[in-house]
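Reading the structure
Chain by chain, the residues:
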Amino acid sequence: MKSVTVRISNDEIWRSPPSSHHGEDDFDWPPGWVEVHRSSPSNNSVEHVNSIREFHPPSLAGTAKRKQKVFYAIAEVKKYIQQEEANKDKKDDKISCSDGCTNKVIGRGELCKRHGESSPRRSSTRRRTKQQNSSTNNNQSYEGSVDALNRIMKVDNKLSQNMRQSILISAVLCRKRNDPYTQFLGFDGNTYSDLRSAFGKHISIKQCELCKQRVQGPFYCRIAHEHLDVPDYDGGSSYECLRGLFKCSVDDLVERQHELLYGGEGSRKRKAIEPSPSVLDGSKDNVSSMDLMSEEVLLQIALFIPNLNGLISFCKTSKRMQKLLYTSVHSEKLFRGPFLQTFGKRGTVGNFEINLSWTERWRMIYGLRRGLVHQQSSNMLPLNGTGANLRLPRQTIGVLSHAEESSALFYDNPEWSVTDDISNGYFGMKILHLPPPPNAANDWQPPVVCHGDFNGIKIFNSVIAMFQNAQRRFVSLGEDEGGGQVLTLIQCDVRPLTNEQTNRNQPSFFIGFASGRVAAVNATIAECGQKYNFSISGFCDAHVNEVTSLVFVNDISPGGKSGKLLYSACGGGHVYCYPNALSPEHNFSMDESILAFSSNGAIFSMTSTVVDTGDHSSSIICTGDGEGKIRLWARADEGILVRSLSEPVSFNQSETKFVPIQVKQAGTRTGLVTRMKFVHNNLLVTCTNNGDLRIWKLQSCNKPYRYSGGEKGPKPQLELKYDKMSLHNGAVEVVNNIGDILLTSGGNDGQVIGVDLNTGLILQSIDCHTGETLQRREGSRLLAKSCVVDIILSGKEASMISLCRDGTLQRWSFA
């Protein structure tokens, strides 16, 4: 029978061991447990202990320690005893020294320190284990609590400022990647939950007036909806810090995030992941795994990297990789891979020069983006750094007379005109994609074609010839053909086809006249072998109205060996096909024309692309009319059903017919569609005479479309991606893309605006016209500017040349 100790004091009764009753007789209390009951002095009795009980462990038996841990039920005591026994089993056992002495050895040692072997210290063992874990798990992220984040953000110091930057970068990254806003990586390396709440609580950004009325917070306003051009509801501009981040690509944002996490001197994480200098120097004492691989193996590894920043970062790991990227024979192949994955095959054509390497293409894109982003003010600082606010004498192209060029200024400012006799000025210019002649000089430049309010076209020997007033040399072509003004021009491939029997080359480009004529222009090498001679090789008068657009439509089969067909649109709404214009078997004849389709109204712009969904592919034509509608047209014979590319099929009339499959509105306001163009990754850019610009994504849905009762295939559809209303104050005249940068111009502001195709944000604008002072009879004055009608970009010289409607020429450098 157990002995029971009971003590009664002035205000409490305690008992050891605790009493057992109410079915608890089977519980064997460990020694040292105390049952306590506190009561008034009048209620001191042993029997009252069994009514209300508190149980205290043996380690807390003292009066001063009893309040630290208290249990009120037998179940809680049992659970506590089980946990104590489990923790005791985890501790290192103490065993006696094998020599028989009374010293204890911690761990699995056999001899104590006195007998020749010292037992390992637990502190040093844990330190080494911690160092090993930290060195092998540098990129491991730990969970951060909301309370820890609040404590960091309460104090205004460098840590809280960097944490705010981490929240901003993570929010923009999630928006660009379309990731859920569930968590983000903080500056301290911890992963915090609920990015949206952290943004709204710790980022001092306000929403716009519309979102405030809709009871939407700043996160949904500035991040989810990307309202970056609208001021705060109180008139402030707290959103300015986001504009620069949205202009960056995903790779740039990831790099900024890594700089915040690993950057700075003395960062332990940075030191842990950086290779030692001996590895970078290729010393023999420290041979890395990269040095043991052959160049072909390293090439195959580098080809898997999808983007340029990742490729450059990977190749910085050793000198062998840097040599592979920059100086080896595989350099162009490595730069070509990320380019095609980023911009697609369509992104390689357009305003790039034909002799640009892949490295020069990347430099051209990044140089142009850097020049636009660093453009502080379009009215004060152009890209080349010379003051645009200085009223210097205008450099004009000089094809029209000085009176006609001055009169063209009123075309964009008609309210200031005092006469109805206004010149239309210049329409555009194109640098021809021609290889150097055999005897060309080292500084040879390709010719430039100019068209405007004059008959035919003017061809300059080079870009330099356009700026040489005293020795300007150009040749006229098509002015005596009776076609009138040339409204549109399209160039052929760099390597033209040749008819071996007649030795006749494929035309260099095609031009469309205001009279409805479409003509082919051939370029032949002169006898001296130093330049080209140009002549019209054929024409066709299929249209009755003016020719507004020319496009090449890719065929999905190699019929006619060229794989392309020439199509033309006119103001009457008709689209004609010229099946033999690019066929060497038919001697590039322009005699035959086939009506492909007709629209309800006048067609002012047209472009084409190819939709490829793996098993299915088709050619698509897109047209824009005078009512602001854009229409998609697909082939009528087979829709976009799959066709065998191994079976050549000659062109026939059924293969040139197209049918409408979708109609969209080019803008929120009614207006004619002035320009449209398919850029990389099947992005469609449409512009109107109201200055609106929209960017569409062309994709195929699973639902097949039907025409005349026949099922065709997956229906291509346009989905609106970005809408830029009133980008210009008038009709948009120029739409050119360099990689993911879109350059546009229009209205009478004399500016070229750069737009990021990935985000739809405006990078910056360039003022290409200094302005002319116009004065009315009553004395009022206006600084009038002319519209930029075309631009030429040069990757070799890292420059841009702009041509305004009144003939003003400007050269800009973005290097």
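What counts and how
Residues numbered from 1 in each chain as written. Predicted model: local features only at pLDDT ≥ 70, side-chain atom pairs only at ≥ 80, totals over all residues. Heavy atoms only, no water. Helix = DSSP H or I, 4+ residues; strand = E, 2+ residues; numbered from the N terminus. Buried < 20%, exposed > 50% of the residue type's maximum accessible area, 1.4 Å probe, protein only. Areas by Shrake-Rupley, 256 points an atom, 1.4 Å probe, with all protein chains shown as cover. Axes fitted to C-alpha atoms, helices over the stretch in contact; angles between N-to-C directions. Parallel < 35°, antiparallel > 145°, perpendicular 65-115°, else oblique. Contact = heavy atoms within 4.5 Å. Nonpolar A, V, L, I, M, F, W, Y, C, P; charged D, E, K, R; others polar. Disulfide = S-S within 2.5 Å. Pairing = 2+ DSSP bridges. Core = buried A, V, L, I, M, F, W, Y, C linked by side-chain atoms within 4.5 Å. Salt bridge = Lys/Arg side-chain N within 4 Å of Asp/Glu carboxyl O. Left-handed = near helix turned anticlockwise from the far one by under 90°. Phe/Tyr/Trp six-rings, centres within 6.5 Å; stacked < 30°, edge-to-face > 60°. Lys NZ or Arg CZ within 6 Å of the ring centre and 35° of its normal.

Secondary structure assignment for the chain yields 18 helices and 40 strands. Counting across all 815 residues of the chain, residues that qualify as buried make up 47%. Put simply, the chain shows about 41,500 Å² of open surface, and 48% of that area lies on carbon and sulfur atoms.

Let us look at the packing of helix 15 (residues 331-343) against helix 16 (residues 358-373). Between helix 15 and helix 16, the shortest axis-to-axis distance is 8 Å and the interhelical angle comes to 45°. Our classification of the angle between helix 15 and helix 16 gives oblique. Together, S331, E332, F335, R336, P338, F339, L340, T342 and F343 of helix 15 and W358, T359, R361, W362 and I365 of helix 16 make up the contact between the two elements. Grouping the amino acids of the contact of helix 15 with helix 16 by side-chain chemistry returns 8 nonpolar, 3 polar and 3 charged.

Next up on the list: the environment of F55. By the element assignment, F55 lies in strand 4 (residues 54-56). For F55, a relative accessible area of 1% corresponds to the buried category. For the pair F55 and I74, spaced 19 residues apart in sequence, the C-alpha separation works out to 8.5 Å.

With that out of the way, let us pick up the state of the cysteines. Scanning the model with the defined rule gives 0 disulfides in all. Looking at the unpaired C211, the closest cysteine sulfur is the one in C221, lying at 3.5 Å. The class for C211 is buried, based on a relative accessible area of 0%.

In spatial order, the strands read 20-21-22-23; together these 4 strands make up an open sheet with antiparallel pairing. Where the open sheet ends on each side, the last strands, each with one partner, are strand 20 (547-554) and strand 23 (594-598). The average angle at which neighbouring strand axes cross in this sheet is 25°, direction not considered. Taken together, the 4 bridges between strand 21 (residues 564-570) and strand 22 (residues 574-578) define a ladder with antiparallel strand orientation. When the sheet's bridge partners are listed, L566 is paired in strand 22 with Y578.

Now for the sheet that holds strand 12 (residues 457-460). Reading across from one edge, 10-11-12-13 is the order of the 4 strands in this open sheet, with antiparallel pairing throughout. In the strand order of this sheet, the two ends are held by strand 10 (426-431) and strand 13 (474-477), each with one partner. The mean inter-strand angle of the sheet, taken between neighbouring strand axes irrespective of direction, is 25°.

Moving on to the nonpolar core. L368, L743, I791, L793 and M800 are the most contacted members of the largest nonpolar core, which totals 39 residues. The leading source of residues in this core is helix 16, at 6 residues. Those residues in contact with L743, other than ones at most four positions away along the chain, are L368, L372, V734, V735, N736, V752, I753, G754, I791, L793 and M800. Counting residues in each nonpolar core, the second largest holds 28 residues, with F184, A198, I223 and F246 among its members.

Going through the model one piece at a time under the given rule, you end up with 17 salt bridges. Where R369 meets D740, a salt bridge forms, and the shortest distance between an N and an O atom there is 3.1 Å. Taken together, the positions of R369 in helix 16 and D740 in the loop between strand 32 (732-738) and strand 33 (741-746) put the pair 371 residues apart, joining distant regions of the chain. The pair formed by R369 and D740 is uniform in burial state, with each residue classed as buried. One salt bridge in this structure joins R369 and D756, with 3.3 Å as the shortest N-O distance. Taken as a pair, R369 in helix 16 and D756 in strand 34 (residues 751-756) lie far apart in primary sequence, 387 residues in all. Taking relative accessible area as the criterion, R369 reaches 12% and is therefore assigned buried. Relative accessible area serves as the criterion here: at 1%, D756 is assigned to the buried category.

The subject of this paragraph is the side chain of T674. By the secondary structure assignment, T674 is in strand 28 (residues 673-679). Here T674 is in contact with F604, S605, C687, T688, N689, A731 and V732, once residues within four sequence places are set aside.

In the contact formed by helix 4 (residues 158-177) and helix 5 (residues 195-202), the axes pass within 10 Å of each other and the chain directions differ by 135°. Considered as vectors, helix 4 and helix 5 are oriented oblique to each other. Crossing angle aside, the handedness with which helix 4 passes helix 5 is left-handed. Judged by residue contacts, R164, I167, L168, S170, A171 and C174 of helix 4 engage L195, A198, F199 and H202 from helix 5. Partitioning the contact of helix 4 with helix 5 into residue classes produces 7 nonpolar, 2 polar and 1 charged.

Attention shifts here to the side chain of E405. With respect to the secondary-structure elements, E405 resides in helix 17 (residues 402-407). Since its relative accessible area comes to 3%, E405 is described here as buried. Sequence-distant contacts of E405, that is, excluding residues within four places in its chain, are made with T396, I397, G398, V399, L400, Y426, D806 and G807.

Turning to the packing of aromatic side chains, a few remarks are in order. Taken as a whole and judged by the stated rule, the model has 17 aromatic pairs. Judged by centre distance (5.3 Å) and plane angle (75°), the ring pair of F199 and F219 falls under edge-to-face. Linking F199 in helix 5 with F219 in helix 7 (residues 218-224), this pair joins segments that are 20 residues apart in sequence. For the pair F199 and F219, a shared accessibility class is recorded, and that class is buried. Taking the centre distance of 3.9 Å and the plane angle of 20° together, the rings of F597 and W633 count as stacked. Here the residue F597 occupies a position in strand 23, and W633 occupies one in strand 26 (residues 629-635), the gap between them amounting to 36 residues. In this structure F597 comes out as buried when scored by relative accessible area, which is 5%. Given a relative accessible area of 4%, W633 falls into the buried group. An aromatic cluster is defined as three or more aromatic residues linked by ring pairs; in this entry it consists of F339, F343, F352, W358, W362 and Y366. Taking NZ or CZ as reference, K212 lies 4.4 Å from the ring centre of Y233, over its face.

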